[in-house]
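In case you want the letters, here they are:
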Amino acid sequence: MPGSSTGRSETPTDQTAGVWFDVRVLGVDRFHNILPVVQPGVTLNTPADPNDDIGSGLAEYSWDPLYQPLIQGTTVFRINLDTANTNHYLRAEDTDGSGFYYGWTASDQIYVNPGPPVKLQVLLPGETPTPNTPLGKSGTPENQTAGAQFFVTVNCTDILWNVNAGANPDVRVETNDIYAENPSPAGLVNGTKIFPIT
């Protein structure tokens, strides 16, 4: 919005993890009027979401960073955000390295909701959730001691392994140890539950 302090009006719409949407980047003057003569090459990324980086996540959902030129002072990037239940922001910077440097700018915060629940995830001690990866987790399970109790976390997640707090199925946790004490079945709460195993 020309003449405003930020050049923008209203609040960004919440997005859903893994769903693609359009982001417009503009070249403007100090009053936020679009300048058709401003045509640098721009790199767009999401500094707060490492799980959408090219090479680190599932190829069909990974895009960060993207580079393309402004044409007549504008361009549209098509992106998605992968880590849900949190806020992200976008950063656009003139990175073509030629002519005048137009600097960088950041978007307002964008809240990302999880997608529909589609699967369960089990996290053992030593593992941490990592959305947009083949297994949805990273780390190495810690060794356990026979007869000593430990705890596992069960999550109900979307296709990208984000916890969906609205999905609370009843879950049974079992092991292949015939001498183990398996916990009683229980419903998840806000998409997650910790179960004791001995």
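Residues numbered from 1 in each chain as written. Predicted model: local features only at pLDDT ≥ 70, side-chain atom pairs only at ≥ 80, totals over all residues. Heavy atoms only, no water.

Trainee: Please set out the overall build of the chain residue by residue, giving values where relevant.
Mentor: A tally of helices and strands in the chain yields zero helices and 16 strands. The globule rule puts the C-alpha radius of gyration for 198 residues at 16 Å, and the 22 Å found for the chain is more than 25% above it. If you line up the chain on its principal axes, its C-alpha atoms span 75 × 30 × 25 Å. Counting the 198 residues in the chain, one finds 36% classified as buried. Contacts spanning at least 24 positions in sequence make up 64% of the contacts within the chain whose residues lie at least 6 apart. If you sum the accessible surface of the chain, you get close to 11300 Å²; carbon and sulfur atoms cover 55% of it. Looking at the chain, you have 9 positive and 21 negative side-chain charges, and the mean spots of the two groups are 4 Å apart. (Helix = DSSP H or I, 4+ residues; strand = E, 2+ residues; numbered from the N terminus. Rg over C-alpha atoms; globule rule 2.2 N^0.38 Å. Buried < 20%, exposed > 50% of the residue type's maximum accessible area, 1.4 Å probe, protein only. Contact = heavy atoms within 4.5 Å. Areas by Shrake-Rupley, 256 points an atom, 1.4 Å probe, with all protein chains shown as cover. Lys, Arg positive; Asp, Glu negative; His and termini not counted. Charge placed at Lys NZ, Arg CZ, Asp CG, Glu CD.)

Trainee: I'd like a description of the sheet that holds strand β16 (residues 192-197), backed by residues and values.
Mentor: Taken in spatial order, the three strands make up an open sheet running β10-β13-β16, and their pairing is antiparallel. Strands at the two margins of the open sheet, each flanked by one partner only, are β10 (119-123) and β16. This sheet shows a mean twist of 25 degrees between the axes of neighbouring strands, independent of strand direction. As defined by bridge partners, strand β13 (residues 150-157) adjoins β16 across six bridges and the pair is classed as antiparallel. Residue Asn155 lies in a different strand from β16, and its bridge partner there is Thr192. (Pairing = 2+ DSSP bridges. Axes fitted to C-alpha atoms, helices over the stretch in contact; angles between N-to-C directions.)

Trainee: I'd like a rundown of the pairing of strand β3 (residues 41-45), residues and numbers included.
Mentor: The buried fraction of β3 amounts to four of the five residues, a majority that puts the element mostly inside the structure. In terms of strand pairing, β3 meets strand β4 (residues 66-69) through four bridges, oriented antiparallel. Looking at β4, one finds that Gly41 is bridged to Pro69. Where β3 and strand β7 (residues 91-94) come together, four bridges link them in antiparallel fashion. Paired with Thr43 across the bridge in β7 is Glu93.

Trainee: Would you mind going over the sheet that holds strand β9 (residues 110-113) in detail, with residue names and values included?
Mentor: Read across the sheet, three strands follow the order β1-β9-β6 without closing on themselves; strand pairing throughout is mixed. Edge positions in the sheet fall to β1 (15-16) and β6 (86-88), since each has one partner strand and no second. Relative to β9, β6 runs antiparallel, the two being bridged by three bridges. Following the sheet pairing, Thr86 is matched in β9 by Val112.

Trainee: Explain the pattern of salt bridges to me, using residue names and the numbers behind them.
Mentor: Side chains that differ in sign of charge can pair as their charged atoms come close. This structure, assessed with the given rule, holds four salt bridges. Asp22 is the salt-bridge partner of Arg78, the closest N and O atoms lying 2.8 Å from each other. Taken together, the residues span a long stretch of sequence, with Arg78 in strand β5 (residues 74-79) and Asp22 in strand β2 (residues 21-26) at a distance of 56 residues. Here Lys137 ties to Glu127 by a salt bridge, and the two come within 3.4 Å at their closest N and O atoms. (Salt bridge = Lys/Arg side-chain N within 4 Å of Asp/Glu carboxyl O.)

Trainee: Summarise the packing of aromatic side chains; cite the residues concerned and give the values.
Mentor: Following the criterion strictly, the structure yields one aromatic pair and no others. Here the guanidinium or amino end of Arg91 rests over the ring plane of Trp104, the centre of that ring lying 4.3 Å away. Against the face of Trp161 rests Lys119, its NZ or CZ located 3.7 Å from the ring centre. (Phe/Tyr/Trp six-rings, centres within 6.5 Å; stacked < 30°, edge-to-face > 60°. Lys NZ or Arg CZ within 6 Å of the ring centre and 35° of its normal.)

Trainee: Now, about the side chain of Asn132: what can you tell me, with residues and values included?
Mentor: Residue placement: Asn132 occurs in the loop between β11 (127-129) and β12 (137-139). Looking at Asn132, the relative accessible area reads 0%, which means it is buried. At 3.2 Å, the side chain of Asn132 and the side chain of Ser62 are in polar contact. (Polar contact = N/O pair within 3.5 Å; in protein donor to acceptor, adjacent residues only side chain to side chain.)

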